[in-house]
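Single-letter residue listing:
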Amino acid sequence: MSSPVSSAAAPRFDRASSHLGARIRATRILLIGATGNNGGEILRALDELGARPRLLVRSLEQARERWPGERDWVVGDLRVRKPWSRRYAASTM
């Protein structure tokens with residue numbers, strides 16, 4: 001009988017992952033849904049790599065409770081269409 005594999009294994013750092021980390025740190029990232037399960041796991045991984053993503057959240061209060069500290073918060077809801085959203089997205093690319 002094989003032993004279960006732990007999902008909490010320490011991250012493996014080698015030259016390839018170090019190079020990837022440097023590229024991710026140099027890239028502008030917008031993470032949507034950082035307070036959710038998937039977004040939270042992605043944010044943890046980005047934190048481990050030293051990235052500082054901008055975080056789009058619906059509830060700033062809930063987000064700050066889950067992720068205390070200094071973050072680049074943007075409050076919004078992708079389910080609500082606003083006339084400025086398309087222009088803003090195009091101007092920041």
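Residues numbered from 1 in each chain as written. Predicted model: local features only at pLDDT ≥ 70, side-chain atom pairs only at ≥ 80, totals over all residues. Heavy atoms only, no water.

Before going further, it helps to spend a moment on the overall build of the chain. Helix and strand counts for the chain stand at 4 helices and 3 strands. Along the chain, from the amino end to the carboxyl end, the secondary structure elements read α-β-α-β-α-β-α. Residues counted as buried form 18% of the 93 residues belonging to the chain. In the chain, of all internal contacts separated by at least 6 residues, the share reaching a separation of at least 24 is 40%. (Helix = DSSP H or I, 4+ residues; strand = E, 2+ residues; numbered from the N terminus. Buried < 20%, exposed > 50% of the residue type's maximum accessible area, 1.4 Å probe, protein only. Contact = heavy atoms within 4.5 Å.)

What follows covers the pairing of strand E2 (residues 54-57). Sheet topology places strand E1 (residues 30-32) next to E2; 3 bridges connect them, and they run parallel. Its bridge partner lying in E2, Leu31 is registered against Leu55. Tracing the backbone out of E1, into helix H2 (residues 37-49) and back to the parallel element E2 gives a crossover that is right-handed. Considered for its hand, the β-α-β crossover made up of E2, helix H3 (residues 60-66) and strand E3 (residues 72-75) is right-handed. (Pairing = 2+ DSSP bridges. Right-handed = clockwise from strand over helix to strand, strands pointing away.)

Looking now at H2. A rise of 1.5 Å per residue sets the reference length of H2, with its 13 residues, at 18 Å; its end C-alpha atoms lie 19 Å apart and thus fit the reference within 8%. Of all the residues in H2, the buried ones are Gly39, Gly40, Leu43 and Leu46. Across the axial projection of H2, the buried residues extend over an arc of 125 degrees, all falling on one side. Opposite the packed face of H2, turned more than 90 degrees from it, sit the exposed residues Asn37, Asn38, Glu41 and Glu48. Phi for Gly50, located one or two positions after H2, is positive at around 85 degrees. (Expected span 1.5 Å × (residues − 1). Arc of directions from axis to C-beta.)

Attention now goes to the sheet that holds E1. Across the sheet, 3 strands lie side by side as E1-E2-E3; this open sheet has parallel pairing. Both edges of this open sheet fall to E1 and E3, since each of them pairs with a single strand only. With direction set aside, neighbouring strand axes in the sheet form an average angle of 25 degrees. With 4 bridges joining them, E2 and E3 adopt parallel strand pairing. Each bridged residue has a counterpart across the sheet, and for Leu56 the counterpart in E3 is Val74. (Axes fitted to C-alpha atoms, helices over the stretch in contact; angles between N-to-C directions.)

Turning our eyes to something else, we now look at the pattern of salt bridges. Following the criterion strictly, the structure yields 4 salt bridges and no others. Between Asp47 and Arg71 there is a salt bridge, with its nearest N and O atoms 3.0 Å apart. Here Asp47, found in helix H2, pairs with Arg71, found in the loop between H3 and E3; they are 24 residues apart in sequence, far enough to count as distant. The partner of Asp77 in a salt bridge is Arg79, with the nearest N and O atoms 2.9 Å apart. Overall, the relative accessible area of 25% leaves Asp77 in the partly exposed class. Here Arg79 falls in the exposed class, since its relative accessible area comes to 64%. (Salt bridge = Lys/Arg side-chain N within 4 Å of Asp/Glu carboxyl O.)

In short, geometric facts, not functional conclusions.
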